[in-house]
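Okay, here's what each chain looks like letter by letter:
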Amino acid sequence: MSWSAVEAETKAIRALEWMTADGAMLDRFLATTGARIPDIGNAIGNPEFLGSVLDFLMTQDSYVLRFCASEGLTHDDFAAIRAALPGGDLPHWT
C-alpha cells in the first residue's frame, strides 16, 4: 500500500502518542534525539521530526513489532509510512 504524506504524518503522530504511554521509551527517545518535551508540541507539525519518531522506533525490532500490532499495521506498512516522510527514501543497510 502506498501512503500519502498526510497519512504518514498521522501515523507518526500516533507512534509518538504510543511512545508517551511508556515513560521509559519516551525518555530514551528524548535522550537519543535531543528533543525536549516543551518542544514536541511545535515539532508535531514538522515532517522531519515525525520521521525521527519512526526512525527511533526502528532502532529496536520490538518497538516496530509492538507499534504495528497496536495499530493493525504490517511491517511493509511501517516501511511505506516511513518512506512517505522526509528522509524515508534514503538508502539503508538493514
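Reference entry: report on the structure contained in this document.

Reading the values: rules and limits
- Numbering of residues begins from 1 in every chain and follows the order in which that chain's sequence is written.
- Totals for whole chains, interfaces and linings use all residues, but because this is a predicted model, local features are given only for residues with pLDDT of at least 70 and pairs of side-chain atoms are given and counted only at 80 or more.
- Hydrogens and water are ignored here; the side-chain numbers use all heavy atoms of the structure.
- A carboxyl oxygen of Asp or Glu within 4 Å of a side-chain nitrogen of Lys or Arg is what we treat as a salt bridge.
- Helical segments are the DSSP runs of H or I of at least four residues, strand segments are the runs of E of at least two, and each set is numbered from the N terminus.
- Exposure categories follow from relative accessible area, calculated using a 1.4 Å probe and restricted to protein chains: below 20% of the type maximum is buried, above 50% is exposed, and the middle band is partly exposed.
- Here a pair means two rings of Phe, Tyr or Trp (six-membered ring of Trp) with centres within 6.5 Å. Their orientation is stacked below 30 degrees between planes, edge-to-face above 60, and tilted elsewhere.

1. A few points about the pattern of salt bridges
Alright, step 1. Tallied over the full model, the rule gives six salt bridges.
Alright, step 2. With a closest N to O distance of 3.0 Å, E17 and R14 form a salt bridge. Taken together, the residues E17 and R14, both in helix 1 (residues 5–20) and three residues apart, mark about one turn of the helix.
Alright, step 3. For E17, a relative accessible area of 42% puts it in the partly exposed group.
Alright, step 4. You can call R14 partly exposed: its relative accessible area is 36%.
Alright, step 5. The residue D39 makes a salt bridge to R36 at a minimum N-O spacing of 3.1 Å.
Alright, step 6. Judged by relative accessible area, R36 falls into the partly exposed class, the value being 49%.
Alright, step 7. Here the salt bridges do not stand alone but share partners, grouping K11, R14, E17 and E71 into one network.

2. Points about the environment of P86
Alright, step 1. Looking at where P86 falls in the secondary structure, it is placed in the segment after helix 6 (75–83).
Alright, step 2. Residue P86 is classed as partly exposed on the basis of its relative accessible area, which comes to 33%.
Alright, step 3. Taking the C-alpha atoms as reference, P86 lies 9.1 Å from F49; in sequence the two are 37 residues apart.

3. A word on the packing of aromatic side chains
Alright, step 1. Applying the stated criterion across every chain yields a total of five aromatic pairs.
Alright, step 2. Ring geometry for F29 versus F49: centroids 5.9 Å apart, planes at 75 degrees, classification edge-to-face. Residue F29 is located in helix 2 (residues 23–33), and its partner F49 is located in helix 4 (residues 47–57); the two are separated by 20 residues in the primary sequence. The pair F29 / F49 is uniform in exposure class, with both members buried.
Alright, step 3. Taking the centre distance of 5.5 Å and the plane angle of 75 degrees together, the rings of F29 and F56 count as edge-to-face. One end of the pair, F29, is in helix 2; the other, F56, is in helix 4, and 27 residues separate them in sequence.
Alright, step 4. Accessibility expressed as a relative area gives 0% for F29, which makes it buried.
Alright, step 5. Taken together, the ring pairs connect F29, F49, F56 and Y63 into an aromatic cluster.

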